[in-house]
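# What the coordinates show
Next come the chains, spelled out residue by residue.
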Amino acid sequence: MKPAAFTYHRTYDVPETVRLLQKLGPDAKILAGGQSLAPMMNFRLARPTDLVDINRIGGLDYLRRDAAGLHIGALTRHRAVEMTADPAVRDGFSVLSRAARWIGHYPIRTRGTFGGSIAHADPTSEWCLLAVLLDAAIALVGPKGKREVPASEFFHGFFTTAAEPDEMVVEIRFPRPAPHAALTEFAQRQGDFAIVAAAVDVDIADGAWKSGRVVLGGVDPSPFAVDGLDAYAGRPAGQDTWRDIGELAAEQIDPPSDGHGSSDYRRKLTATLVSRALAEAARG
C-alpha cells in the first residue's frame, strides 16, 4: 500500500523545526527514523498532511553521562545504544544496551531513533517502558522554550503523549544508574512487537528484597506500573518471591484479547515474564 498524499519538509535545526510545526498545525508529523510512522502511513492508519524530516539536524545524536544522569539525544539510533562501549554509559545503564536487542531487526535498529520511539508512544516500546521504570525525563522544545516532562506523566495512551503539536522531543535523560534492572518480552516471532513485555528494577540487600519497580507493556494503552511492591520488603530474594510478584502483576491488569492471545493468556504470560525479569535483574 501507499501513504496518502503529504508535503515533505526538511529542517536543519531545532528552532526552524518548531517554527515550521507552528505554521503547519496539528496534522504535521516529525520524521526521524520513520520505522514506526512509515508503516502506519502505508496502511493509512496515519495520514499527516506534512512530514518534517529532522534527520539533518546536528547535535541530537549522542549518549552522554554527567552528574545529572545519562543523556540520550533524540536522533540517537537504537543500534548506537545497543553497541556503545563507553564505560561511562554502560556502568549502571547496561539494561539499555541489553534491551535494544529486543527492538525489531537489525535494519530497524540502525534507522530507528530513541526520541522517535518515545514520541511515538507505542505501549510495547522497550524505551517507553524503561523511561517509566527508571524515572526518565523527556525534554521538549516548543515556541515557549524548553521543558522537561517526567516519563510517568508523558505517556497518555495509545500513540498519545504530553507533547504539544508544535513541540519536538530533543533529549531523554535517565537521572540515576540502574545496575539491577532487566527487560524481557515475548513475541510470536523474533522482531515482532511484543505481546507482553516486563521491565524491572530491584534493590536487594543481605539477600532480601528491599525495594523495586515493575513496568509492563502490551497490557494497557500506556506502560503499566505495578502497585503494592512495598509489601515484599524483607522477603528472600529468590524464586518464590519472584513468582509471587509475577502473580501480583497479573492480578492488577485487564489486558485486551486479540488475534495474538486472549486476556487470560496475557495475564499468565505477564506472571512468567515478570518472574523471569526479576531473576535476571537480581543476578545483576
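Residues numbered from 1 in each chain as written. Predicted model: local features only at pLDDT ≥ 70, side-chain atom pairs only at ≥ 80, totals over all residues. Heavy atoms only, no water.

So, on to the side chain of Ser117. Considering the arrangement of structural elements, one finds Ser117 in helix α6 (residues 114-120). Among residues more than four places away in sequence, those in contact with Ser117 are His78, Ser125, Trp127 and Cys128. (Helix = DSSP H or I, 4+ residues; strand = E, 2+ residues; numbered from the N terminus. Contact = heavy atoms within 4.5 Å.)

The N-to-C vectors of helix α4 (residues 87-100) and helix α7 (residues 126-133) enclose an angle of 160°; their axes lie 10 Å apart at closest approach. Of the possible angle classes, the one that applies to α4 and α7 is roughly antiparallel. α4 and α7 meet at a crossing whose hand is right-handed. Taken together, the residues of α7 that come into contact with α4 (itself represented by Val95, Leu96, Ala99 and Ala100) are Glu126, Trp127 and Leu130. (Axes fitted to C-alpha atoms, helices over the stretch in contact; angles between N-to-C directions. Parallel < 35°, antiparallel > 145°, perpendicular 65-115°, else oblique. Left-handed = near helix turned anticlockwise from the far one by under 90°.)

One open sheet accounts for four strands, arranged β11-β12-β13-β14; its pairing is antiparallel. The outermost strands of the open sheet, each flanked by one partner alone, are β11 (181-186) and β14 (224-225). As judged from the two bridges shared by strand β13 (residues 208-217) and β14, these two strands associate in the antiparallel manner. Within β14, the position partnered with Leu216 by the bridge is Phe224. Relative to strand β12 (residues 196-205), helix α10 (residues 263-283) is tilted by about 35°, and along the sheet it contacts β11, β12 and β13. (Pairing = 2+ DSSP bridges.)

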